[in-house]
Amino acid sequence: MTGIGFDLLATDGRARRGRVTTAHGTIETPAFMPVGTAATVKAMTTDAVASTGAEILLGNTYHLMLRPTAERVAQLGGLHRFMNWDKPILTDSGGFQVMSLSDLRTMSEEGVTFKSHLDGSRHHLTPERSIQIQHMLDSNITMCLDECTPFPATEAQAESSMRLSMRWARRSKDAFVERPGYGLFGIVQGGIYPEQRAESVAALTDIGFDGYAIGGLAVGEGQETMFRVLDFTEPLMVKDRPRYLMGVGRPSDLIGAVRRGVDMFDCVMPTRSGRTGQAFVRRGTINIRNARHAHDERPLDSECGCPACRSYSRGYLHHLFKADEMLGPMLLTWHNLHYYQDLMRTMRQAIADGNFEEVAGAMEARLNEGDI
Ligand code: GUN
Ligand code: ZN
């Protein structure tokens, strides 16, 4: 195997059922990647994460380069060993997190200089350094350093930002050391503009990557606009490589994006909102802190097989959150990740069975019913 493998197993409309092969194992797609920013999926052991069906985690260059540093992770055997996760890992390149988290950023052709949100120390991130850090982490899927074009942006702004990302993509590819079972993904930018997205796809395809991410979405443009961007971008992308929609999303976003040909996703939604008491259920979302759950004997979701739903009532989970007990965030995170993996499993099966529209439409209708 050179790079990472991708087998397209079935299609149904534009929806795709596939398999990504890496040095640390395979990933059935469409796939959802839980976010393990600081070498941990917050509130979960890796055994618990694996038990939900997750086959790949996302790690973050930005956080790990600041603490404990890439050098320390490498010294302790790489990210898989460090965090006790022997399945595949994808790492984001840091550009997006610099923009959203750090202080005092300065962008140049060379890269980005920023102050750490932890201690104010100064750091420099270039395409070459980002790739080198991701190698030190031993990431299976390395992401190019890019600039996530903010929303809103004029077409001229989106164009110059996208072109910078394309020059950085070239430098990222040149810095990437190819090894069997390890791959590099390019990131399509271009805002909401068809011509910019088309130029970006062409530039990346020309360089040649193991997979292609779609960046710059879920940044405030709204679901309808995001779907419109996917509608004009996806048909331009090569069919024989995985497509990864970065930072997305809610269950309805995942269904709509799989319908539009996306294979991979990551989002903090299930983990972050689980810690604050929001649970994703077949009929939408519930906030377990709400008083209406205090005396409820039912599980969060009667169709869920996770430990929170198998063993505990909504009333108990409500109590844990009211009492600030740490088991509350743990159980809701577990449930939400289980729910997201169930959703992906259901979509994979539907594509294989050739009834994706029927199944997806029924799930969308239930999401809109609301919890009762
Ligand atoms: N995460 C969410 N969106 C983006 C993006 O556009 N670029 C990168 N690198 N990460 C992201
Ligand atoms: Zn559950």
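Refer to the structure presented above.
This is a predicted model, so every value here is computed, not measured.

(A) Local environment of the coordination of the zinc ion (ligand 2). Distances from the zinc ion (ligand 2) to its protein donors, C304 (SG), C306 (SG), C309 (SG) and H335 (ND1), fall at 2.1 to 2.3 Å. In this structure, the zinc ion (ligand 2) is coordinated by 4 donor atoms arranged in tetrahedral fashion, with angles at the metal of 101 to 116°. Read in sequence order, the donor residues coordinating the zinc ion (ligand 2) give the pattern C-x1-C-x2-C-x25-H. For the pair formed by C304 and C306, the shared burial category is buried.

(B) Fine view of the sheet that holds strand β8 (residues 112-115). Spatially, the 3 strands line up as an open sheet ordered β7-β8-β9, and their pairing is antiparallel. Of all strands in the sheet, those with a lone pairing partner are β7 (103-107) and β9 (122-125), marking the two edges. On average, adjacent strands in this sheet sit at an angle of 15° to one another, irrespective of strand direction.

(C) Looking closely at the site of ligand 1. All residues in the neighbourhood of ligand 1 are listed as D92, S93, F96, D146, C148, I187, Q189, G215, G216, M246 and G247. D146 places a side-chain nitrogen or oxygen 2.7 Å from a nitrogen atom of ligand 1. Isolated, ligand 1 exposes 280 Å² of accessible area, and the fraction of that covered by the protein chains is 97%. Among the residues forming the shell around ligand 1, the class breakdown is 4 nonpolar, 5 polar and 2 charged.

(D) Focus on the nonpolar core. Counting residues in each nonpolar core, the largest one holds 70 residues, and the members touching the most others are L245, L254, F265 and M347. Of all the elements, helix α14 (residues 327-353) adds the most residues to this core, at 8 residues. Excluding anything up to four places from it in sequence, M347 contacts L254, I255, V258, F356 and M363. Of all hydrophobic cores here, the second largest spans 18 residues; its members include F6, L58, I141 and F185.

(E) Quick peek at unusual backbone geometry. Cis geometry is found at the peptide bond from R67 to P68, where omega equals 10°. Summarising the element assignment, P68 is placed in the loop between α2 (61-66) and α3 (70-75). G249 follows V248 through a cis peptide bond whose omega is 5°. Positionally, G249 belongs in the loop between β13 (243-245) and α10 (251-259). Of note, A43 is a non-glycine position whose phi angle comes to about 75°, a positive value.

(F) Structural context of the packing of helix α6 (residues 127-137) against helix α7 (residues 155-175). In contact at an axis separation of 8 Å, α6 and α7 are set at 40° when each is read in the N-to-C sense. The orientation of α6 with respect to α7, classified from their angle, is oblique. Read as a crossing pair, α6 and α7 show a hand that is right-handed. Packed against α6, whose contacting residues are P127, E128, I131 and H135, the element α7 presents W168, R171, S172 and A175 at the interface. In the contact of α6 with α7, the residues fall into 4 nonpolar, 2 polar and 2 charged.

(G) Representation of the pattern of salt bridges in the model. Within the structure shown, the criterion is met by 27 salt bridges. Notably, a salt bridge pairs R129 with E71, separated by 3.2 Å at the nearest N-O pair. Taken together, the residues R129 in helix α6 and E71 in helix α3 connect sequence positions 58 residues apart. With a relative accessible area of 25%, R129 lands in the partly exposed category. What makes E71 partly exposed here is its relative accessible area of 38%. D296 is paired through a salt bridge with R314; the nearest N and O atoms lie 4.0 Å apart. With a gap of 18 residues between them, D296 in the loop between β16 (284-287) and α12 (307-311) and R314 in helix α13 (residues 314-322) connect regions that are remote in the sequence. On the basis of relative accessibility, which here comes to 13%, the residue D296 falls in the buried class. A single network of salt bridges, built from pairs that share partners, joins R14, D231, E234, K239, R243 and R260.

(H) Summary view of the side chain of H293. Position of H293 among the secondary structure elements: in the loop between β16 and α12. Residue class for H293 comes out buried when judged on its relative accessible area of 0%. Only 3.3 Å separates the side chain of H293 from the backbone oxygen of N287, close enough to count as a polar contact. Apart from residues lying up to four places away in sequence, H293 is in contact with I286, N287, I288, R314, G315, H318 and D371.

(I) Fine view of the environment of D7. Here D7 lies in strand β1 (residues 5-12). Residues D7 and P34 lie 27 residues apart in sequence; the distance between their C-alpha atoms is 22 Å. Ignoring anything within four residues of it in the chain, the contact list for D7 reads R17, G18 and R19.

Definitions and cut-offs
- Along each chain, numbering runs from 1 in the same order as the chain's sequence is written.
- Labels follow written order: the first chain is A, the first ligand is 1, and so on.
- Two thresholds apply to this predicted model, a pLDDT of at least 70 for residue-level local features and 80 or more for giving and counting side-chain atom pairs, whereas whole-chain, interface and lining totals are computed over all residues.
- As a rule here, side-chain values cover all heavy atoms of the structure and leave hydrogens and water aside.
- Note on donors: an N, O or S atom is included if it sits within 2.8 Å of the metal, or within 3.2 Å for Na, K and Ca, and water is never included, so sites can look incomplete.
- All geometry calls rest on donor angles, where a four-donor set with angles between 85 and 135 degrees is tetrahedral, four- and six-donor sets with opposite donors more than 155 degrees apart and all others between 65 and 115 are square planar and octahedral, and all else is irregular.
- The rule is simple: take the accessible area with a 1.4 Å probe, protein chains only, and divide by the maximum for that residue type; under 20% is buried, over 50% is exposed, in between is partly exposed.
- Strands are labelled as partners when DSSP assigns at least two bridges between them.
- Put simply, DSSP marks the helices as runs of H or I at least four residues long and the strands as runs of E at least two long, and each gets a number from the N terminus on.
- Inter-axis angles, ranging from 0 to 180 degrees, are taken between N-to-C directions of lines fitted to C-alpha atoms, where helices are fitted over the stretch in contact.
- When we say a residue is near a molecule or strand, we mean one of its heavy atoms is within 4 Å of it.
- By the criterion applied in these results, polar contacts are pairs of N or O atoms within 3.5 Å in which, for protein atoms, one can donate a hydrogen and the other can accept it, and in which residues neighboring in sequence qualify only through two side-chain atoms.
- Methods summary: accessible areas were calculated by the Shrake-Rupley approach with a probe of 1.4 Å, and residue burial reflects only the protein chains presented.
- Three classes are used, and their members are as follows: Ala, Val, Leu, Ile, Met, Phe, Trp, Tyr, Cys and Pro are nonpolar, Asp, Glu, Lys and Arg are charged, and the others, Gly among them, are polar.
- To form a nonpolar core, buried Ala, Val, Leu, Ile, Met, Phe, Trp, Tyr and Cys residues must be joined to one another through side-chain atoms within 4.5 Å.
- The contact rule is simple, with two residues in contact once any of their heavy atoms fall within 4.5 Å.
- Under this scheme an angle from 65 to 115 degrees is roughly perpendicular, one under 35 degrees roughly parallel, and one over 145 degrees roughly antiparallel; angles in between are oblique.
- Handedness of each helix crossing follows the sense of rotation of the near helix against the far helix: counterclockwise by less than a right angle gives left-handed, clockwise gives right-handed.
- For this document, the term salt bridge refers to a Lys or Arg side-chain nitrogen within 4 Å of an Asp or Glu carboxyl oxygen.

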